[in-house]
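So you can see what is in the structure, the chains are spelled out below.
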Amino acid sequence: MTTARELIVEADGGSRGNPGPAGYGAVVLDPVTGETLAEAAEYIGVATNNVAEYKGLVAGLTAARALFPDATVHVRMDSKLVVEQMSGRWKIKHPDMKPLAAEAGRVFPAGRVRYEWIPRELNKHADRLANEAMDAGKQGRQWEPSGSAAALDAVAARNAAALPPSGPPGDATAGAARARAALATRTSGAPAEAVTGSADARGDGLFAAEEAGASSGDFEAEAGAAAPTGHAARVLAPTAPTAPTAVVPAEPSATAAAPAGSAAPRQGWAGPDMGAPATFVLLRHGETALTPEKRFSGSGGTDPELSAAGLRQAEAVAAALAARGTIQEIVSSPLTRCRQTAAAVAARLGLDVQVERGLRETDFGAWEGLTFGEVRERYPRDLDDWLASPKAAPTGGGESFAAVARRVAATRDRLTAAHAGRTVLLVTHVTPIKTLVRLALGAPPESLFKMELSAASISAVAYYADGNASVRLLNDTSHLR
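Everything in this summary refers to the structure shown in the same document.

Definitions and limits used
Residues numbered from 1 in each chain as written. Predicted model: local features only at pLDDT ≥ 70, side-chain atom pairs only at ≥ 80, totals over all residues. Heavy atoms only, no water. Axes fitted to C-alpha atoms, helices over the stretch in contact; angles between N-to-C directions. Helix = DSSP H or I, 4+ residues; strand = E, 2+ residues; numbered from the N terminus. Parallel < 35°, antiparallel > 145°, perpendicular 65-115°, else oblique. Contact = heavy atoms within 4.5 Å. Nonpolar A, V, L, I, M, F, W, Y, C, P; charged D, E, K, R; others polar. Buried < 20%, exposed > 50% of the residue type's maximum accessible area, 1.4 Å probe, protein only. Pairing = 2+ DSSP bridges.

Contact pair helix H11 (residues 401-418) / helix H12 (residues 430-441): the axes reach a minimum separation of 10 Å and the direction vectors enclose 75 degrees. As the angle between them shows, H11 and H12 are arranged roughly perpendicular. Residues Phe401, Val404, Ala405, Val408, Ala409 and Arg412 of H11 pack against Thr431, Pro432, Thr435, Leu436, Arg438 and Leu439 of H12. Split into classes, the residues belonging to the contact of H11 with H12 amount to eight nonpolar, two polar and two charged.

What follows covers the pairing of strand E10 (residues 423-428). Where burial is concerned, most of E10 is hidden: six out of the six residues are buried. Burial of E10 is two-sided: the residues Thr423, Leu425 and Val427 facing one way and the residues Val424, Leu426 and Thr428 facing the other way are all buried. By the bridge criterion, six bridges tie strand E7 (residues 278-284) to E10 in an arrangement that is parallel. Across the sheet, the residue bridging to Val281 is Leu425, located in E10. Relative to E10, strand E8 (residues 329-332) runs parallel, the two being bridged by four bridges. In the strand pairing of E10, Glu329 is matched with Val424.

Further remarks concern the sheet that holds E7. The strand order E9-E8-E10-E7-E11-E12 describes an open sheet built from six strands, whose pairing is mixed. The open sheet has two edge strands, strand E9 (354-355) and strand E12 (469-476), and neither has a second partner. Each of E7, E10, strand E11 (458-463) and E12 touches helix H7 (residues 308-324); the most contacted strand, E11, lies at about 40 degrees to it. Taken strand by strand, H11 contacts E7, E10 and E11, and its axis lies near 130 degrees from that of E7.

The following block contains the structure:
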């Protein structure tokens, strides 16, 4: 006979690519002693972060019910989307989410489950299980409970959190090694790896905006560019059934910055509190050899490394971001200059780096490597057309600003859905950053030519659940002085 009691369920899910190879983890804990009662993890094939998170929730609730069917359950997750939807505050409209939410709602009566959002560092046990499942799937095998170190890691993390800090703020040798290893093995077209976060940045740490200059004149714009399924669970109390194995189809990209079910953007400050926004800290990479000469350098040309000056800039911005302490995730353009800049920051913060191809720069076609004056001399008519219309592409099949805006907007929507309530560093280029700022302000395309954006500068935009965006910073270079 079971005994009515309270249980804690912590769950998480991740996707290395979003959509990409995905997995989830869930743990059932005793709320008094913190003892681990059950663990579950599964590699689920190609899916999105949200699908994986919902599947982790279902597995955690199922394991809790197997232990104590009459229990009350306190669910803790770092997914704002899942917590708000399951609490009934956000509507669920996406067809992939509805059946998973319904399945989670059937495990226990609604009155016996409450949901709480927690920062990622408090959800490390479930996060580690999800990553172990994805690692196993990558190797073509099932997650094995006997091989899991998630519980030990969670205890170590709690113990470490209780110790006084030592060494420079945010300095983490292990994080640097992970970042170097991840970046060294990726190609620009490879799917992004899951991000293993650390410190909670509730963060508005970036407030004051520098006064932007007039037209930047900077046309260097530095452009870029299925394993078997298997599920297993470890129960450290009575045996819990495992959730069914499933291969989930890729979720289509979001079409708006707001989570599913949110209303049209509300103007002004009125209305309900929408919770913490998804905040994108926008970092332009450091200088390359082409930067001082203001040459077009995009995804269609060479892939230059940071110069000596650029490496110094990357270290300076890394130190500044570590001192602010607000970054929770790092996402980078696939091009070398951005990945080098991201690696410097990751080394300081102890974070991994996710590569996102949607953050690459414009393809400048035949203009790659040329100065503005050289383009004017060789392709005057094409340049005039490009300056006059966002639909005009550079000579030789490059990307128009309109095409880049569509790509950047789609990337923004994917990332805001995946990182609701979190502060994410996007290491990217001139045009993607200016485009994100332009779209947030509702400014016309010609505003791209009226923003100054220096190498290794920081800008910031916050995206709220109701679809509104707030530009918080533009072209901050104080860390370079």
